[in-house]
Amino acid sequence: MDDQGFTIEAVYTGEFAKNFTANPVTANGLKKTIYHSDTDLTLTIDTEKSGLWQGGTLFIYGLGNTGGNPTDYTGDLQGHTNIEAPNQWIVHEAWYEQQFGDGMFSTLVGLHDMNSEFYVTDYGSLFLNSSFGIGPDLTGNVPAYIFPKAALGVRVKINPSENFYVQAAMYDGDSATRTFKSVEGKLWVAETGLSSDSGTYKLGYWQHTANKTFGGQTFSNDYGLYGVIDQELVKLDGDGVIGAFLQYGYTPKSRNEIYTYIGGGLHMHGIVPTRAEDDLGIAVARADFHAAPNAGKVSETAVELTYRLVATPWFAVQPSFQWVQNPGGDSAAPVVKAGLLRFEITL
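This section reports on the structure supplied with the text.

Conventions we followed
Residues numbered from 1 in each chain as written. Predicted model: local features only at pLDDT ≥ 70, side-chain atom pairs only at ≥ 80, totals over all residues. Heavy atoms only, no water. Pairing = 2+ DSSP bridges. Helix = DSSP H or I, 4+ residues; strand = E, 2+ residues; numbered from the N terminus. Phe/Tyr/Trp six-rings, centres within 6.5 Å; stacked < 30°, edge-to-face > 60°. Buried < 20%, exposed > 50% of the residue type's maximum accessible area, 1.4 Å probe, protein only. Lys NZ or Arg CZ within 6 Å of the ring centre and 35° of its normal.

1. Concerning the pairing of strand 6 (residues 151–161)
At step 1: Two elements, strand 5 (residues 105–112) and strand 6, share 8 bridges in a ladder whose sense is antiparallel. Across the sheet, Phe105 pairs through a bridge with Ile158, a residue of strand 6.
At step 2: Here 7 bridges tie strand 6 to strand 7 (residues 164–172), and the two strands are oriented antiparallel to one another. Pairing of Ser161 across the sheet is with Phe164, part of strand 7.

Next comes the structure, spelled out in structure tokens:
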């Protein structure tokens, strides 16, 4: 069907999550192993290949989630697993994109996951902690426009060259409602990126236009800046690569609980002999919190060590072990040790 412009994909992700440390301060004080899952069903239609018109893409993404909530037992705010979600079966994304000028300019409209294009690190995508997907400086302070429920939005993108782009988008103020309501405001986000043969460098700005109350004060909006670097460090034999990534996010301390975030790590692909498709990584994520503008700073820091084993083109297994200091931004909480065992089946 690909030759006719229709691509259907299905991915089932299952995960066992266990906390080895009981956290009675910011969690429920219990140790438990939880199984939860994520099912992704996508349909992509290329209008040119299907005999309609040039430059068009229609994308529909069905999402199903089942199981418990591992963070109820760890108490971390960054989210040590990036597939935790309410039990649901929804249309996560449904958008249409039209390209012009051989791809130099494009517009997209519909239900769109902001993190599929904004605040993305390629090397960080290996890791299972949510912060390596998108910084909590954004998702921890304003309503999210990402997994597990994308929002209505419009995105425009300009690619003047293969190595440079500028993109901007507007989303409805709260993806929970998926309607444009004045009281919910809107999220505006803009990003520019520059790439070379060995790296990618991105800078972004976002603003949420709804009223924000923090520390007894009400502000007319909220905003933040972020930057992302993906840098190749060493090329190995074959397709082996060692790369590094760095994320940084800033929001004003006067109006946000999470006011700075920094994350980074190493992503090692194909470094194990005879395992050319496997990935090994270690990364650190730190989010700075305060309960009020004049309160002291507490940093929740997560360290993740993970290995992704690609057994076949359709089956992969990925264990992850994480240490979380000051979970929930509370210095009285113990250092939490948590393990994840994830598998993916691709059809």
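Text resumes after the structure shown.
2. With respect to the packing of aromatic side chains
At step 1: Taken as a whole and assessed by the stated rule, the structure comprises 15 aromatic pairs.
At step 2: When the ring of Phe59 is compared with that of Tyr61, the centres are 6.2 Å apart and the planes differ by 75°; the resulting orientation is edge-to-face. The same class applies to Phe59 as to Tyr61, namely buried.
At step 3: One aromatic cluster is present, built from ring pairs that chain together Tyr12, Trp314, Phe315 and Phe343.
At step 4: Between the NZ or CZ atom of Lys157 and the centre of the ring of Tyr165, over which it lies, the distance is 4.9 Å.
At step 5: Positioned over the ring face of Tyr259 is Lys253, at 4.9 Å from the centre of the ring.

3. Looking at the pairing of strand 2 (residues 33–46)
At step 1: Relative to strand 2, strand 1 (residues 6–19) runs antiparallel, the two sharing 13 bridges. By the bridge assignment, Phe16 is partnered in strand 2 with Tyr35.
At step 2: By the bridge criterion, 11 bridges tie strand 2 to strand 3 (residues 56–67) in an arrangement that is antiparallel. Among the inter-strand pairings, Ser37 is bridged to a residue of strand 3, identified as Thr66.

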